[in-house]
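Chain by chain, the residues run as shown.
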Amino acid sequence: MCTLTWSRLPSTGLEIHFNRDELKTRPVADPPALFESGDSSFLSPRDPKGGGTWMLVNDRGVVICLLNKWELDGRTIESPLSRGRLVWSMAETKSLDEVADKLANLDRYQAFTLAVFSPGGDSCWEWTGEALTRGGVPEVLTSSSFRFEEVRKARLACFTSGLRGEDFHASRHDPPSPYSVRMNRPDAQTWSRSRLRVGDQISWHYLAEQADLKGDPVETFVELPLQ
């Protein structure tokens, strides 16, 4: 349950906005922090339950974002692997080819969408649980475990109305609903909003939401130099 939008502009470089929606029973994620892996430094929030992440950026300027394809979940998998830990394993990635190598064997993963942005190009992989396809990254990616097609259409309509960037990702119905980009429902909600910029350096503005979206988010700002 997430929503991602992105753009590349000559003045600001790559800008990605990502809302992470999760169950209210899941532990609150740790905000983005600096980590080291091999010869790479990277920024990432971390899910304390699964030990992985839904989004990271390394000092090569490679950004990896994952959205679960909840509408295709349910396949019986013996000893399933964490999709968030798959993203974490890509922290040292330098190219799209290296990402493709990491996706060679996905039989133990439930369905997902993986959007990857790099200095050498951008790609989107779709794993259905049975087949892997690769293409360009759409302007808007969204997921939902609740009435996916209806939610997707509502969020695309919001984007088509002209809202972009922070305005789009902060938008919500009154009261917030499962269909909002910034969503709330009895069992789940938007728990964080990220704005990641990759230009002359990397900057990450992260807003951790309060329960039921009541009160001001807690802000975290981190930076990372490019190699």
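Rules behind the numbers
- Residues numbered from 1 in each chain as written.
- Predicted model: local features only at pLDDT ≥ 70, side-chain atom pairs only at ≥ 80, totals over all residues.
- Heavy atoms only, no water.
- Helix = DSSP H or I, 4+ residues; strand = E, 2+ residues; numbered from the N terminus.
- Buried < 20%, exposed > 50% of the residue type's maximum accessible area, 1.4 Å probe, protein only.
- Phe/Tyr/Trp six-rings, centres within 6.5 Å; stacked < 30°, edge-to-face > 60°.

Enquirer: Quick question: what am I supposed to make of unusual backbone geometry here?
Expert: For residues besides glycine, phi is generally negative; the peptide bonds are generally trans as well. Residue Asp174 is joined to Pro175 through a cis peptide bond whose omega torsion reads 0°. With respect to the helices and strands, the residue Pro175 is situated in the loop between helix 4 (165-169) and strand 11 (188-198). One non-glycine residue, Asp212, lies in the positive phi region at around 60°. For Asp212, the location among the structural elements is in the loop between strand 12 (201-208) and strand 13 (218-225). Classification of Asp212 as partly exposed rests on a relative accessible area of 32%. One non-glycine residue, Leu213, lies in the positive phi region at around 60°.

Enquirer: Is there a simple way to think about the packing of aromatic side chains in this case?
Expert: Aromatic ring pairs: the centre-centre distance and the angle between the two ring planes describe each pair. Inspection of every chain in the model, using the stated rule, returns six aromatic pairs. Ring plane angle 75° and centroid distance 4.9 Å describe the contact between Phe35 and Trp88, whose orientation is recorded as edge-to-face. Remark: Trp88 occurs in helix 1 (residues 83-88) and Phe35 occurs in strand 3 (residues 30-37); sequence separation between them is 53 residues. Take Trp88: its relative accessible area is 16%, and that puts it in the buried class.

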